[in-house]
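# Descriptive analysis of the structure
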Amino acid sequence: MPSLALPKSSLLRQPWEYRRVYAQGLRLRGDHFSLIFLANQVGEHRLGISVHGVKSAVRRNRLKRIVREFYRHHRSFIDWCGIVAIPPGTGMDVVFAIRSGFAPNSPQEIEQVVRQVMSKRPHPPQPPRKGGGRNDNAERKKS
RNA sequence: UGGAGCGGGUGCAUGAUCGCCGGUUUCCCCGGAAACCGGAGGAAAGUCCGAACUCCAUAGGGCAGGGUGGUUCGUAACGCGAACUGGGGGCGACCCCAAGGAAAGUGCCACAGAAAACAAACCGCCCCGCUACGGCGGGGUAAGGGUGAAAAGGUGAGGUAAGAGCUCACCGCUUUCGUGGCGACACGGAAGGCAUGGUAAACCCCACCCGGAGCAAGACCAAAUAGGGAAACGUUCGAGGGCUGCCCGUCCGAUGUUUCCGGGUAGGUCGCACGAGGUGCCGGGCGACCGGCAUCCCAGAGAAAUGAUCAUGGCCCCGUACGGGGAACAGAAUUCGGCUUACAACCCGCUCCAAAAU
RNA sequence: GGGUCGUUAACUCAGUCGGUAGAGUAUCUGCCUUUUAAGCAGAGAGUCGUUGGUUCGAGUCCAACACGACCCA
C-alpha cells in the first residue's frame, strides 16, 4: 500500500511550471474542467490545480482542497488509460484546470467525473500561437 | 398568549482514520524522522475614515485644494462612540436627523401665474365721473378667487366706502433684560407692530482639522545585465533634480543629469506578530470609557496551510413508526480602532401596547 | 495587498450652471433605381448600473452598494 501523504513538493508551485504544461501537455476536456498531462524529469507524479472564474474565495479554496483530496487517494489514476506512455524514472505533471460552473462537491464525485473523462481520447498539444509566449523557445531548449 | 421596541450572545459538539501548515524538543547532522503544542471571522469582506510603522535631507512660510459642521465628554486618533439640547415620527416602549451662517455678497427658482422678491394687481371688492346702460375712465384696497412646490405673519374680534397690524387678544417672529445650566439651550418679563420667501448635499462666509506616498512602504545581503545605443543640456555666469499642485525659500549637484530605444527580472533575510492585546476580579463614571491587581501567549506567508471520510449525540423540517432531508453569510496576507454591507437558525435580559381564546 | 477610473438606445459616445434625455452607426417603412449599394424622407427604442437622501424637481448634487477596466515590484 503506497503512502497517502501529499507534501507540497508533489505540487506544482511556480507559474513557469504551469506554463510549460499548458504549452506542451496533452489535454482531456470534461464538463467545465480539463486535465493536462506532461512528462517531467522529477521522477514522481505532480499535481497542479487551477481554478478560474470562481468568485467566492470559499468555493475556490474548497474546489482546490477536494481535488487535492481526490488526488491523494487516487494518485495512480494517471495509469488508468494507456494513452500516455510513461518511461521509467519519469513522472507526470497533471494540471487540473477548473472553470466556473464545475458541479462536483466531494472527492467521490470528482472520481466519477475523472473516470468518465479518462475514457476519451486526448487532444494533441496546441501549436504555440504567433503573438504570445516569448518564453516558448527557452522552454523548448530545456526539454 | 399575541404583536412590537431596545440591548447582548451563539454561529453545531465529541470521537476515530487518512492528510496539510507553523513552532518547540529529541535523534541522525545533506536533509529528514518521531513526540508534543498551536492553526480563520463576526464580519477575516467592501477599502469608506482614523492611526501605528516606513521612506521622501529638516519639513519652513504663503496661496490653492480637501475634510468636518448642535453642545459637552470619551479616545492614540477619527468623518467613530456616549450623554444631553433642538427638530421630526409613533397610542407607547422607542426611533430618525450632514442639525453653523440666507438681516457679507453673488447665482438660481423651469412651466404656470398679474407678480418669484427695492414688489406688484389678472378676476374681484369699494368710491367718484361719464354712459349709447353692453360698459368705459380715474382713484382706493389686498379680505376673497385663480396659478404654483412656494405669493410677504396665522386665528378670532373690532374697525371701514371696501379693506389693511389700522387697532386689540392669543400664537409665531425680531430686539432686549433677568434667572438656571460648563455649554447647546430652556424658562420668565418688557418692547417693537412684522421688517427677514426658498435654496449653502449652488458658489460662498465662519470655526476647527489636514505635508506626500504607501509593507508591491522600506532596510540589509548576494548575484547579474553593463564599459549598450541615440538625443538634449551643462561644468561654478550652474544644466537638472528633491522638498505636495503653484510661488517664495531652501538643499543636493560635475568625465554629470534628463528623456527615448534596446536588454534583464524565478533571488534570499528582515520588516512579521507581545499588541493603544485577550480573559477574570475589584474600584470610579448616568454612559462611552478609565484605573488597579492577577493571569494567558493566541494562525501566519511558498500563489499562499486550517481539509476529507465515517460514527455518535444535540437542533430544525417532512413523517403513524421505520426512515428521509437540512444547517446561513462567508476564508487571515503589515498591524490595530471604527464605519458600512452580507447573514440560516436559536438563546438571554429589559421594556411597551392590546386584551382575546381555552 | 494597495491605488486610480468608468457605467446613458442593439453598438460607439454627447449631455455646459439641477427644469420634458440627444448625435452617429445599425434596424424598420416609404421614395429613387432594372436590382443592390449610395442618396433623400420618416419611424420605432431608454428602470440614465442599483438603492436611499438633499431639493418644488435629480442623468446631473451627496452617500452606500453592484459590476467592469487599468496601474504598482
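Here is a short report on the structure shown in this document. Residue numbers restart at each chain and count upward from 1, following the sequence in its written direction. Chains and ligands are labelled by the order in which they are written, letters from A for the one and numbers from 1 for the other. Local features are withheld for residues below a pLDDT of 70 in this predicted model, meaning they are given only at 70 or higher, and side-chain atom pairs are given and counted only at 80 or more; totals for whole chains, interfaces and linings count all residues. Side-chain metrics rest on all non-hydrogen atoms present in the structure, leaving aside hydrogens and water.

## Quick notes on the sheet that holds strand 3 (residues 46–51)
Note on pairing: DSSP must find at least two bridges between two strands before they are called paired. Helix and strand assignments come from DSSP, with helices taken as H or I runs of at least 4 residues and strands as E runs of at least 2, each series counted from the N terminus. Judged by pairing direction, the sheet is mixed, and its 4 strands sit side by side in the order 1-2-4-3 without closing on themselves. Since the sheet does not close on itself, it has two edges, and those belong to strand 1 (26–29) and strand 3, each with one partner. Neighbour-to-neighbour, the strand axes of the sheet open up by a mean angle of 20°, direction not taken into account. By the bridge criterion, 6 bridges tie strand 3 to strand 4 (residues 91–98) in an arrangement that is parallel. Looking at strand 4, one finds that L47 is bridged to V94. Across the sheet, helix 2 (residues 57–73) touches strand 3 and strand 4, and the angle it forms with strand 3 is around 155°. By definition, residues are in contact when any of their heavy atoms lie within 4.5 Å. Note on method: axes are straight lines fitted to C-alpha atoms, helices fitted across the in-contact stretch only, with angles between N-to-C directions ranging 0 to 180 degrees. Sheet strands in contact with helix 3 (residues 107–118) are strand 1, strand 2 (33–40) and strand 4, and its direction is about 70° off that of strand 2.

## Regarding the pairing of strand 1
Successive side chains on a regular strand alternate, one facing one side of the sheet and the next facing the other. With 4 bridges joining them, strand 1 and strand 2 adopt antiparallel strand pairing. Across the sheet, the residue bridging to L28 is L35, located in strand 2. As consecutive antiparallel partners, strand 1 and strand 2 are separated by 3 residues, and within that stretch H32 has a phi angle of approximately 65°, a positive value.

## Description of the protein's contact with RNA strand B
Around RNA strand B, the surrounding shell holds 19 residues, and the nearest of these are R13, R62, R65, R68 and R72. The sugar and phosphate moieties of RNA strand B supply 60% of its atoms located within 4 Å of the protein. Here a polar contact is recorded for every N or O atom pair within 3.5 Å, except that within protein the pair must consist of a potential hydrogen donor and a potential acceptor, and residues adjacent in sequence are included only if both atoms are side-chain atoms. One of the side-chain N or O atoms of R65 is found 3.0 Å from a phosphate oxygen in RNA strand B. E69 has a polar side-chain atom sitting 3.5 Å from a base nitrogen of RNA strand B. In this classification, the charged set is Asp, Glu, Lys and Arg, the nonpolar set is Ala, Val, Leu, Ile, Met, Phe, Trp, Tyr, Cys and Pro, and all remaining amino acids, among them Gly, are polar. Here the surface near RNA strand B is built from residues that sort into 8 nonpolar, 3 polar and 8 charged. Only a single heavy atom is needed: when it lies within 4 Å of a molecule or strand, its residue is near that molecule or strand.

## Re the pairing of strand 4
Burial within strand 4 is extensive, with 8 of its 8 residues counted as buried. Side-chain alternation along strand 4 places G91, D93, V95 and A97 on one buried face and M92, V94, F96 and I98 on a second face that is also buried. Relative to strand 4, strand 2 runs antiparallel, the two being bridged by 8 bridges. Bridging from a neighbouring strand, I36 pairs with V95 of strand 4. Think of it in three bands: residues with accessible area under 20% of the maximum for their type are buried, residues over 50% are exposed, and the middle band is partly exposed, with areas taken using a 1.4 Å probe on protein chains only.

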